[in-house]
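The residues making up each chain are set out below.
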Amino acid sequence: MGFRNVKIESNVKLYIENQQLVIGSGTDIKIPLEDINSILIENQFVTVSAYMLQKFAELGIALYVCDEKHLPNAVLLPMVRHSRHYKLLKYQIGISKPLQKRLWQQVVIQKIMNQSLCLEFSNKEGVEELRKMCKEVQSGDKTYVEAKAAAFYFRRLYGADFTRGEDHIINACLNYGYAIIRGMIARSLVCYGLEPAIGIFHKSELNSYNLADDFIEPFRSIVDLYVASKFDMSQTTSVLTPQIKRGLYGIVNYEMKVKGEKRILSNCIDNLIASYSSVLQGKGERLNLPELMQLQIHSYE
């Protein structure tokens, strides 16, 4: 698995030469393909080669592109990364409603638990209230505890005046960070032979990433924690600078826990997707969901 996450901000040319990504900009920069986990292209004048796109798809390297507001709005996904895609597709289509509801219950409980940990690490009030809500989540979350917890959580984390719909720096940062993680989840789903459009809770016919939107939920808290460590409601007039975006993209290098073990974010995502594949094939009924920890960049020995 690659470990480098590269953000392209300048007008450069990207191509492949001798199994290396070449960033052509006067003085060429070369990075071995095997080292690359993801690439984020922010500059709309960057040129890429078709061969580069082919190699990225072949190796499962996530390639993000941004819109005119410099927000990630697309990710390159491989079409043929798994030899048993049709087999898994049948499992996805055939999953029972009771199992879907139990899996969604697991996701929601871990999401709320991670929200409580985020408040704890941020020295905010409301930790115990959220942990009580975890115990109220039923199969399928039919009483909508997730929504109640979210409304409670964001006001405690960012302040009583905070709402998710407003146009300011905190929401801009959250949206940017969520988009990066959503793309990583979509990439992992395809690499494991799963269809991202077939969700366990999200069902929109207009959404090609319903399953990614299911599985992003317990990961959102790591973005929330990072943003809370940088901004509060007194800074809402700040703008999303390139430096801030580099920091947000760097979240992919942070760690969470899976079954008590610290893992880099991309590995946590792969672990969750692999566990879902196992559940679909009748090899278990528990998802390997991530647990939030204090912000810590993964170190490679």
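Cut-off values and rules
Residues numbered from 1 in each chain as written. Predicted model: local features only at pLDDT ≥ 70, side-chain atom pairs only at ≥ 80, totals over all residues. Heavy atoms only, no water. 1 Å grid on protein atoms, 1.4 Å probe; cavity = no way out; pocket = protein on both sides within 12 Å on 5 of 7 lines; lining within 4 Å. Points joined across faces, edges and corners; volume = space filled by probe spheres on them. Helix = DSSP H or I, 4+ residues; strand = E, 2+ residues; numbered from the N terminus. Nonpolar A, V, L, I, M, F, W, Y, C, P; charged D, E, K, R; others polar. Buried < 20%, exposed > 50% of the residue type's maximum accessible area, 1.4 Å probe, protein only. Contact = heavy atoms within 4.5 Å. Lys, Arg positive; Asp, Glu negative; His and termini not counted. Salt bridge = Lys/Arg side-chain N within 4 Å of Asp/Glu carboxyl O. Polar contact = N/O pair within 3.5 Å; in protein donor to acceptor, adjacent residues only side chain to side chain. Pairing = 2+ DSSP bridges. Axes fitted to C-alpha atoms, helices over the stretch in contact; angles between N-to-C directions.

Notes on the layout of surface pockets
- Its volume calculated, the second largest pocket comes out at about 220 Å³.
- Residue lining of the second largest pocket: 13 residues in total, with Gln110, Arg286, Leu287, Asn288 and Leu289 positioned closest to the centre.
- Element by element, the count of residues in the lining of the second largest pocket is highest for helix H3 (residues 97-121), at four residues.
- Its residues placed into classes, the lining of the second largest pocket shows four nonpolar, five polar and four charged.

Here we look at helix H1 (residues 50-59)
- Listing the buried residues of H1 in full gives Met52, Lys55, Phe56 and Ala57.
- Residues of H1 that are buried make contact with strand E2 (13-17), strand E3 (20-24), strand E5 (36-41), strand E6 (47-48), strand E7 (62-66) and strand E8 (72-76).
- Gly60 sits one or two residues past H1 and shows a positive phi near 75°.

Let's talk about the side chain of Asp214
- Within the secondary structure, Asp214 sits in helix H7 (residues 210-215).
- For the buried Asp214, no salt bridge is present, and the opposite-charge side chain at shortest range is Lys203, 6.6 Å distant.
- Engagement of the side chain of Asp214 in a polar contact is seen with the backbone nitrogen of Ile200, the distance being 2.5 Å.
- With sequence-adjacent residues up to four places away left out, Asp214 is seen in contact with Trp104, Val107, Gly199, Ile200, Phe201 and His202.

What to know about the sheet that holds E7
- Taken in spatial order, the four strands of this open sheet run E1-E5-E7-E8, and their pairing is mixed. Two strands in the sheet have a free side with no partner beyond their single neighbour: strand E1 (4-8) and E8. Strand-to-strand twist of the sheet, defined as the mean angle between neighbouring strand axes without regard to direction, takes the value 20°.
- Looking at chain direction, E7 and E8 are connected through four bridges and run antiparallel. What sits directly across from Tyr64, in E8, is Val75.

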